[in-house]
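Structural overview
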Amino acid sequence: MAQRRLAVLASHLTQTGPAPLSALGPPPGVSTSRCSGGGGGGGGETERGGEKGCVFCRIIRGESPAFKLYEDDVCICILDSSPLSIGHSLIIPKLHAPSLESTPPPVVAAMCSKIPILSSCIMKATQSDSFNLLVNNGLAAGQVIFHTHLHIIPRKTGDKLWPSESLRRQPIEAYPKIVDLVNSIQDLVCSLSTDSCLSDAWIAAKIRNHK
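Attention here is on the structure that accompanies the text. This is a predicted model, so every value here is computed, not measured.

Summing up its helical and strand segments, the protein has six helices and five strands in all. For the protein, the α and β elements follow one another from N to C terminus as α-α-β-β-β-α-α-β-β-α-α. Within the protein, the fraction of its 211 residues that count as buried is 36%. Taking as baseline every contact in the protein between residues at least 6 positions apart, the subset at least 24 positions apart corresponds to 65%. For the protein, the accessible area works out to roughly 11900 Å², and carbon and sulfur atoms hold 58% of it.

Listed below in structure tokens is the structure:
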């Protein structure tokens with residue numbers, strides 16, 4: 001499945017120049033990736049062939065074609081080659097990280113800061129009234145390309161895109177041991193906060209490790 005998706009992405013996309021949205025530049029202190037220049041190189045966090053084998057890194061370096069909607073120093077936005085709806089787009093960081101949790105928080109923040117204007121433009125262009133923001137993180141979640149990316153999926157009333165939307169949901173109280181789950185998650189969050197995982201020093205160290 002992964003091989004087929006990569007082949008489709010490489011063969012069906014046609015490269016265009018970046019959209020004129022340069023005013024949405026990265027926030028101060030955000031490091032960019034060596035993917036933004038030619039060549040690439042070793043190091044950093046890699047998976048499934050690493051940066052050299054990553055189709056998104058090849059697109060970022062200009063080695064593979066793409067329908068490019070937007071680009072800045074930190075990320076690009078392209079059309080998905082196998083869209084779930086017309087206008088289905090991907091926001092991709094130039095820094096190679098195989099999962100969302102391995103992506104430095106400033107890079108994630110820079111990507112997310114582009115969502116309001118990009119989603120608005122995509123909805124207007126596709127005459128949609130809504131959109132889904134989606135992250136497939138890991139094999140069980142359906143991730144195919146192991147380079148962090150966000151999906152913007154335009155939606156229209158009555159499109160019936162997700163079969164699960166017709167299913168009735170149970171109230172949360174119906175799930176057993178829900179209190180234990182809440183306590184477990186809260187304890188994990190507190191332990192991370194105690195370790196200062198979101199401190200400026202921790203973020204800076206994460207960025208240095210990805211250079």
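The next subject is the pattern of salt bridges. One pass over the full model with this rule turns up five salt bridges. The salt bridge involving Glu63 is made with Arg61; its shortest N-O contact spans 3.1 Å. You can call Glu63 partly exposed: its relative accessible area is 46%. Residue classification places Arg61 among the buried residues on the basis of a relative accessible area of 12%. With a shortest N-O distance of 2.8 Å, Lys94 and Glu71 are connected by a salt bridge. Of the two residues, Lys94 sits in the loop between strand E3 (89–93) and helix H3 (105–113) while Glu71 sits in strand E1 (residues 68–71), which places them 23 residues apart along the sequence. One continuous salt-bridge network, built from bridges that share partners, spans Lys68, Glu71 and Lys94.

The next thing to look at is the sheet that holds strand E4 (residues 130–134). What the five strands build is an open sheet, ordered E1-E2-E3-E5-E4; its pairing is antiparallel. Two strands lie at the open edges of the sheet, namely E1 and E4, each paired on one side alone. Taken pair by pair, the neighbouring strands of this sheet meet at an average axis angle of 20 degrees, ignoring direction. As paired strands, E1 and strand E2 (residues 75–79) are joined by three bridges and run antiparallel to one another. Each residue of the ladder has a partner; that of Glu71, found in E2, is Ile76.

Turning to the pairing of E3, a few remarks are in order. The element E3 is largely enclosed, with a buried count of five among its five residues. Here E2 runs beside E3; their pairing, made up of five bridges, is antiparallel. If you follow Leu79 over to E3, its bridge partner there is Ser89. As judged from the three bridges shared by E3 and strand E5 (residues 150–155), these two strands associate in the antiparallel manner. Counterpart to Leu90 in the pairing with E5 is His151.

Conventions and cut-offs
- Residues numbered from 1 in each chain as written.
- Predicted model: local features only at pLDDT ≥ 70, side-chain atom pairs only at ≥ 80, totals over all residues.
- Heavy atoms only, no water.
- Helix = DSSP H or I, 4+ residues; strand = E, 2+ residues; numbered from the N terminus.
- Buried < 20%, exposed > 50% of the residue type's maximum accessible area, 1.4 Å probe, protein only.
- Contact = heavy atoms within 4.5 Å.
- Areas by Shrake-Rupley, 256 points an atom, 1.4 Å probe, with all protein chains shown as cover.
- Salt bridge = Lys/Arg side-chain N within 4 Å of Asp/Glu carboxyl O.
- Pairing = 2+ DSSP bridges.
- Axes fitted to C-alpha atoms, helices over the stretch in contact; angles between N-to-C directions.

Read these as geometric descriptors, not functional statements.
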